[in-house]
Amino acid sequence: SRGAHYARERYAPAFCIIGEPSGWDRVTLGYKGRLLIHYRLEQPAAHSAGEVVATPESMVAFWRTIERYCADFNRGHERLFDQILPSLRRVTSGGDGLMDWCEATIGLRLPEGVDPQGLAAELGPMAGAATLRFEGGCPAFRSPRTSPLASAFVRAIRAQGGQPAFLHKTGTADMNVVGPAWGCPIVAYGPGDSRLDHTPDEHLLIEEYQRAILVLEEVVSCRL
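Residues numbered from 1 in each chain as written. Predicted model: local features only at pLDDT ≥ 70, side-chain atom pairs only at ≥ 80, totals over all residues. Heavy atoms only, no water.

Some thoughts on the sheet that holds strand 6 (residues 131–138)
The four strands lie next to each other as 4-5-3-6, forming an open sheet whose pairing is antiparallel. Of all the strands in the sheet, just strand 4 (85–95) and strand 6 have a single pairing partner and so form its edges. If you compare each strand with its neighbour and ignore which way they point, the axes differ by 10 degrees on average. Of the pairings in the sheet, the one linking strand 3 (residues 33–44) to strand 5 (residues 99–110) comprises twelve bridges and is antiparallel in character. Looking at strand 5, one finds that His38 is bridged to Thr105. (Pairing = 2+ DSSP bridges. Helix = DSSP H or I, 4+ residues; strand = E, 2+ residues; numbered from the N terminus. Axes fitted to C-alpha atoms, helices over the stretch in contact; angles between N-to-C directions.)

Some words on the side chain of Gln83
Mapped onto the secondary structure, Gln83 falls in the loop between helix 2 (55–74) and strand 4. Judged by relative accessible area, Gln83 falls into the buried class, the value being 13%. At 2.6 Å, the side chain of Gln83 and the backbone oxygen of His77 are in polar contact. Among residues more than four places away in sequence, those in contact with Gln83 are Lys32, Asn74, His77, Glu78, Arg109, Leu110 and Pro111. (Buried < 20%, exposed > 50% of the residue type's maximum accessible area, 1.4 Å probe, protein only. Polar contact = N/O pair within 3.5 Å; in protein donor to acceptor, adjacent residues only side chain to side chain. Contact = heavy atoms within 4.5 Å.)

Observations regarding unusual backbone geometry
Phi angles above zero are rare outside glycine, and His198 is one such case at about 60 degrees. Inspection of the secondary structure puts His198 in the loop between strand 9 (186–189) and helix 6 (206–221).

Brief notes about the environment of Ala54
If you trace the backbone, Ala54 turns up in the loop between strand 3 and helix 2. Among the residues examined, Ala54 registers a relative accessible area of 32% and is labelled partly exposed.

Notes on the environment of Asp72
With respect to the secondary-structure elements, Asp72 resides in helix 2. The partly exposed category is assigned to Asp72, whose relative accessible area is 48%. On a C-alpha basis, the gap between Asp72 and Ile84 in space is 9.8 Å, while along the polypeptide they are twelve residues apart.

Some words on the pattern of salt bridges
As enumerated under the stated definition, the model contains nine salt bridges in all. Of the charged contacts in the structure, one is a salt bridge between Arg142 and Glu112, with a shortest N-O distance of 2.5 Å. On the criterion of sequence distance, the pair formed by Arg142 in strand 7 (residues 141–142) and Glu112 in the loop between strand 5 and helix 3 (116–123) is long-range, its members being 30 residues apart. Arg142 sits in the partly exposed class, given a relative accessible area of 32%. For Asp193, the salt bridge identified is with Arg195, shortest N-O distance 2.9 Å. Owing to a relative accessible area of 29%, Asp193 belongs among the partly exposed residues under this scheme. Taken together, the shared-partner salt bridges connect Arg40, Glu42, Arg90 and Glu103 into one network. (Salt bridge = Lys/Arg side-chain N within 4 Å of Asp/Glu carboxyl O.)

Note that every value here comes from positions in space, so none of it alone points to a role or purpose.
If you want it as structure tokens, here you go:
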């Protein structure tokens, strides 16, 4: 969201529509927060037959600790939007004969009410001798469905023969950056299947694309 960080300090809009795929008849009102954990453990090289725990094994133990932490937090929360969702993004290890090392990147998708900085402080001691670097801390954000902008999308989608619905996504997007800063009615909207984002099969159906254009024309031309 580099562009969103840039725009946040330079504009103060009355309304905001963020272009994100949700389907032409769907409107996104909220996104989960995010926290990235960069793990690194370095220690003197040891023989694999010895008693010293290898750096990749220590990293796996830390990852399992994160998984247990999230499972404990998520107990009783049925919706994915209300859970902490961990993902192991990258793992690499190596050594030069004198020192062994292991690095990993772990992503956490955060629900409302979980402060990224507070979570980082809680997870830090769990890493043992490893060092952790936290990046991209961003809280969850939800926009009300009763805003005049959301209502305008409902009317526009119905005018095109659709049955509008609101979404709360498990990813993180520009809304998390500019929504709290601008405090204006804000939604994310756009044609396409968000499950295909960042995949080789990412594509749009022309019919859906054209319908979304008509919906946007209706929204931006009405008086809010």
